[in-house]
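An overview of the molecular structure
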Amino acid sequence: MTYTLHSRLGSGGFAVEAVLTAAGIKFDYHPMASKPDVPLGPGIAHLNPWQQVPVLELEDGTIITETAAILTYLSQKEASLKNGPVLWVDDPAQFLRWSVFLSVNIYEGILRKSYPARYVSGYPASAAPLITGSVRDAAIRRVHEAFTCIEQATSDHAFLLGERMSPCDVFLAMLYAWHNQRPDLPKCTWITRQVATHEAIRPIWKRNFHDRLDFKWHEL
């Protein structure tokens, strides 16, 4: 099967593109002609009515959206994600647990941090800066608490699911890089560095984030 990935540079589609590439899975890449922080608009609505990427299109026209859902589907379908050679999913239950955790507790929190105005309404214009600032501060704190939970959960093994890198680690690395590295999160920092500098993933990371993140994780 050959997949079609609809995405744009700097978006959550990085995680899907990196996993497909690292696992040696054939896919066509269809980049959207837009930049992060700019609404995609109706150009993607025929594929995803929520008007977000990534979107994974199967050969039969089936559409899968949401990064965690796409990675879950691939981990169940593709042998190269079940036994390597680069990425492994040898515990499906833990994969589901942490991919959903990342999506619900961290990805959504980063969206609240980045777009706080989406999450408030009904306030006078004069109060908007204070309200959105409060939403943003709370989101940053909550996201950091979620990363701290991951830090504790990985205290006795190398990566999120065990001793080998999985698609969850790619997802984690992208989100942590958006959060920015923190001295009290050494394991998250280490995992992100392993992902960003992996020979199969580094070119994709560089293309997506070199000009979008202050810290150059992919540089050795």
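Residues numbered from 1 in each chain as written. Predicted model: local features only at pLDDT ≥ 70, side-chain atom pairs only at ≥ 80, totals over all residues. Heavy atoms only, no water.

Observations regarding helix α1 (residues 13-22)
Among the 10 residues that make up α1, 9 are buried, leaving the element largely enclosed by the rest of the structure. Here α1 has its buried residues at Gly13, Phe14, Ala15, Val16, Glu17, Ala18, Val19, Leu20 and Ala22. Tucked inside the fold, the buried residues of α1 contact β1 (3-7), β2 (27-31), β3 (55-57), α2 (67-77), α5 (167-179) and α7 (202-209). One or two residues past the end of α1 sits Gly24, with phi positive at roughly 70°. (Buried < 20%, exposed > 50% of the residue type's maximum accessible area, 1.4 Å probe, protein only. Helix = DSSP H or I, 4+ residues; strand = E, 2+ residues; numbered from the N terminus. Contact = heavy atoms within 4.5 Å.)

A word on α5
With 13 residues, α5 should cover 18 Å at 1.5 Å per step; its first-to-last C-alpha distance of 19 Å lies within 8% of that length. For α5, a buried count of 13 out of 13 residues is recorded, marking the element as mostly surrounded by other parts of the structure. Sitting at the amino-terminal end of α5 is Ser166, which places a side-chain oxygen 3.1 Å from the backbone nitrogen of Cys168. Backbone geometry just downstream of α5 places Asn180 in the positive-phi region, at approximately 85°. (Expected span 1.5 Å × (residues − 1). Polar contact = N/O pair within 3.5 Å; in protein donor to acceptor, adjacent residues only side chain to side chain.)

With respect to unusual backbone geometry
That bond from Val53 to Pro54 is cis: its omega, 10°, falls within 30 degrees of zero. For Glu66, which is not glycine, the phi torsion reads 75° and is therefore positive. Along the chain, Glu66 turns up in the loop between β4 (63-65) and α2. With a phi angle near 85°, Asn180 is a residue other than glycine that sits in the positive phi range. Inspection of the secondary structure puts Asn180 in the loop between α5 and α6 (186-196).

Here's the deal with the state of the cysteines
For the structure shown, the criterion picks out 0 disulfides. Left without a disulfide partner, Cys149 is nearest to the cysteine sulfur of Cys188, which lies 9.8 Å away. (Disulfide = S-S within 2.5 Å.)

A closer look at the environment of Leu81
By secondary structure assignment, the location of Leu81 is in the loop between α2 and α3 (92-114). In this structure Leu81 comes out as buried when scored by relative accessible area, which is 0%. Spatially, the C-alpha atom of Leu81 lies 9.4 Å from that of Ile25, the residues being 56 residues apart in sequence. When near neighbours in sequence (up to four residues on either side) are disregarded, Leu81 contacts Val19, Ala23, Ile25, Leu74, Ser75, Leu87, Trp88, Val89 and Pro167.

Topic: the pattern of salt bridges
Evaluated as defined, the whole model comprises 3 salt bridges. Between Arg164 and Asp90 there is a salt bridge, with its nearest N and O atoms 2.7 Å apart. Taken as a pair, Arg164 in the loop between α4 (128-153) and α5 and Asp90 in the loop between α2 and α3 lie far apart in primary sequence, 74 residues in all. (Salt bridge = Lys/Arg side-chain N within 4 Å of Asp/Glu carboxyl O.)

Observations concerning the side chain of Asn208
Tracing the chain through its elements places Asn208 in helix α7. There is a polar contact of 3.0 Å between the side chain of Asn208 and the backbone nitrogen of Gly10. When neighbours within four sequence positions are excluded, Asn208 is seen to be in contact with Arg8, Leu9, Gly10, Ser11, Phe14 and Glu17.

Concerning the packing of aromatic side chains
Within this structure, the stated rule accounts for 12 aromatic pairs. Here Tyr107 and Phe171 contribute two aromatic rings whose centre-to-centre distance is 5.9 Å and whose plane-to-plane angle is 70°, an arrangement assigned as edge-to-face. With Tyr107 in helix α3 and Phe171 in helix α5, the pair connects residues that are 64 residues apart, well separated along the chain. Classification of Phe171 as buried rests on a relative accessible area of 1%. When the ring centre of Tyr115 is taken as reference, the NZ or CZ atom of Arg118 above it lies at 3.9 Å. (Phe/Tyr/Trp six-rings, centres within 6.5 Å; stacked < 30°, edge-to-face > 60°. Lys NZ or Arg CZ within 6 Å of the ring centre and 35° of its normal.)

Focus: the nonpolar core
Formed by 60 residues in total, the largest nonpolar core has its most connected members in Phe14, Ile106, Phe147, Ile150, Leu175 and Trp205. Breaking this core down by element, the ones donating at least two residues are β1, α1, α2, α3, α4, α5, α6 and α7. It is α5 that provides the largest number of residues to this core, a total of 10 residues. Not counting residues up to four positions away in its chain, the partners in contact with Trp205 are Phe14, Ala173, Met174, Ala177, Thr192, Val195, Ala196, His210, Leu213, Trp217 and His218. (Core = buried A, V, L, I, M, F, W, Y, C linked by side-chain atoms within 4.5 Å.)

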